[in-house]
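Results of the structural survey
Each chain is listed here by its residues.
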Amino acid sequence: MQLDKSAIEAHNEYLIKDHERRFNYIAAEVQDVEALLQKLIDFQVAIPSWALGTGGTRFGRFPGGGEPRNLEEKIEDIGLLHALNNSSGAISLHIPWDIPENATHIKALAAQHGLQFDAMNSNTFQDQPGQAFSYKYGSMQHVNKAVRQQAIDHNIEVIKYGLDLGSTSLTVWLSDGSCFPGQLNFRNAFQNTLESLQQVYSALPDDWKMFVEYKAFEPNFYSTTVGDWGQSLLYASKLGSKAYTLVDLGHHLPNANIEQIVALLLMEGKLGGFHFNDSKYGDDDLTVGSIKPYQLFLIFNELVEGMDARGMKHATDLGWMIDASHNVKDPLEDLLQSVEAIMITYAQALLVDRKKLAEAQLNNDVVTAQEILQQAFRTDVRALVAAARLRSGGALNPLAFYRQHDIRAGLINRRGSKSMATGL
Ligand code: LRH
Ligand code: MN
Ligand code: MN
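Residues numbered from 1 in each chain as written. Chains lettered and ligands numbered in written order. Predicted model: local features only at pLDDT ≥ 70, side-chain atom pairs only at ≥ 80, totals over all residues.

Naming follows an unreviewed UniProt entry, where the protein appears as Sugar isomerase of Limnovirga soli.

Listed below in C-alpha cells is the structure:
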C-alpha cells in the first residue's frame, strides 16, 4: 500500500495554522534554525524487520491483526512509516527470520519506498530446522569446533545476503554464556569466540563494518560471553579497524551510566551504532523515550558533543537502529512514537549551549552546567521536528494521520486478522 500524497497534503493543510504558531515561537529561540532543520531532515533511523509484529513474551502473544506476512509486506509497512515521518528510511534485516530470496526484487521494492538496507543481523541463538548442530551450549564459544564453524558459516552467509542488498554492516549478537557457575571456562569461551569472530571478520568486505553487540544477561543468567561494553570493546579492538561496539539501550545492568559509556567509546573511535529502545528492568524493548527520556537526552548530548569533536557526520557515521518489541501496542504506532522520541531528543541535544557548558565545567560551576542541560531538555522542540517533516514531504502529525485514516483496519482487511509476522 502506497500512501496517497494528497491525503498527507490535506492533513497538513488542516494543521498548518496551529503548527506555524508553535513553530514561530520556538524558531525565534533557536540560533540557526535552518541548520538545525537540515540536521533533522538528514537523520534517519533504521526499523528492524522483526518489530513489525507483536512480539509477545514467553507467556503469550496477542497479535492485533494485519501483521506483515512476508518481507515484502514488512518493507511496505516501513515504507508507510517513512512516508509519514520521513525519518525511517532504512530497514535492518534478521537472518533467517527474513531471508531476501530474490535480492534484486527486494532491493527494488525497498528503493520504491525510499528505503536502504542498514545492518544485517545474524542469528546463532536459535536452532533452525535441518541445522546440523545445536546452539544449546553456545555458538561461537562452543567447546566443539564444528558448532563454531557452523556459526561462522552462518555469519558469512548473512554478509552475502547483505552484499546483494547494498548493506554495509553486520551486527553480531551472541547469546553465548552460561547458566551456572562451573559450566564454562571463561578464558576458553572468550578465546573461542574471538577466533570465530576473526573468521567472520576476515570475510568482511573492505567497506563494511562489524558491530559487536553486548548484553548483560538473558538467555544465559550466570555469565554472558559478550556481557558488557568492556568485553565488546576488547573483541572489537582485537578484531581490527572495521569492528565496533554496538550499544543496545536495554542491555545494561540497572543504573549503568550509558552516556558515559557512549562518550568513552566515541573517544576511542569504537562506537559503531545503536539499538534504541527503553527499559525499566532489563531487555524490555519498550518504546524509545517511554521510561527514561532524560537518560536518552544525556546520551544524545554525549553523541552530539563527541561526534562534533571527532568531525563525524551525525546522520551517517554511526548506525542508528531501533530494536523494539510490542506486546500491547499496534507495532506501527509504537514505531512512530519511537522515531518521534529519537528526533525530539536529537533536536534537544542540538540546542545545548556547548560553549557555556564548557565554561561552566572549567569553572566547576555545577549548578550552571546542570541548568544548561536541563534548559535544552525542557524545551518543547516538537514543532521543530514537525517542521523538518513538513519540509521533506511528511505528515505534521503521523500518529494522528495513521489513526484518522484507520490504516490498521486497511491492513487487517488485506492481510487478515490472524496474520503473524516472523521474528521474536
Ligand atoms: C538481543 C537483541 C539482539 C537481537 C535482537 C532480536 O536481545 O537485542 O539485537 O538481534 O535482540
Ligand atoms: Mn539489540
Ligand atoms: Mn535485546
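Okay, back to it.
Describing the nonpolar core
Selection rule: Defined on buried residues, the nonpolar core groups Ala, Val, Leu, Ile, Met, Phe, Trp, Tyr and Cys residues joined through C-beta atoms within 7 Å. Whether a residue is buried, exposed or partly exposed follows from its count of other C-beta atoms within 10 Å of its own C-beta, namely 20 or more, 12 or fewer, or something in between, respectively; the C-beta atoms are built from the backbone. Secondary structure elements follow DSSP: runs of H or I no shorter than four residues count as helices, runs of E no shorter than two count as strands, and numbering proceeds from the N terminus.
Counting 109 residues, the largest nonpolar core has I91, I322, A347 and L384 as the members making the most contacts within it. Here the element with the most residues in this core is helix α10 (residues 331–350); it accounts for 12 residues.

Overview of the packing of helix α3 (residues 71–85) against α10
In a pair of packed helices, the angle between the axes and the distance between the axes together describe the arrangement. Definition in use: What counts as an axis is a line fitted to C-alpha atoms, over the stretch in contact for a helix, and the angles between N-to-C directions run from 0 to 180 degrees. Should an angle fall under 35 degrees it is taken as roughly parallel, and over 145 as roughly antiparallel, whereas 65 to 115 is taken as roughly perpendicular and any remaining angle as oblique. Note on convention: near helix rotated counterclockwise from far helix by under a right angle means a left-handed crossing. Clockwise means right-handed. We call two residues in contact if the C-beta atoms placed from their backbones are at most 7 Å apart. Gly falls in the polar group here, along with every residue not listed as nonpolar (Ala, Val, Leu, Ile, Met, Phe, Trp, Tyr, Cys, Pro) or charged (Asp, Glu, Lys, Arg).
In the contact formed by α3 and α10, the axes pass within 11 Å of each other and the chain directions differ by 45°. By the angle between their axes, α3 is oblique relative to α10. Note that α3 runs across α10; the crossing there is right-handed. Contacts between α3 and α10 pair D77, L81, L84 and N85 from the former with L332, L335, L336 and V339 from the latter. For the contact of α3 with α10, the residue count by class is six nonpolar, one polar and one charged.

A look at the site of ligand 1
We count it as follows: In this text, near has one meaning. A residue is near a molecule or strand if its C-beta atom, placed using the backbone, is within 6 Å of it.
As a structural note, the neighbourhood of ligand 1 is formed by 10 residues, with N121, W173, D248, D283 and D323 the closest of them. The residue inventory of the shell around ligand 1, partitioned by class, reads three nonpolar, two polar and five charged.

What about the pairing of strand β10 (residues 319–322)?
Selection criterion: Only when DSSP finds a minimum of two bridges between them are two strands counted as paired. The handedness rule is simple: strands pointing away from the viewer, and a clockwise path from the first strand over the helix to the second, make the crossover right-handed.
Of the two faces of β10, both are covered, the one formed by G319 and M321 as well as the one formed by W320 and I322. Across four bridges, the pairing between strand β9 (residues 271–276) and β10 is parallel. The residue bridging F276 from the neighbouring strand is I322, located in β10. For the crossover from β9 across helix α9 (residues 293–309) to β10, the handedness is right-handed.

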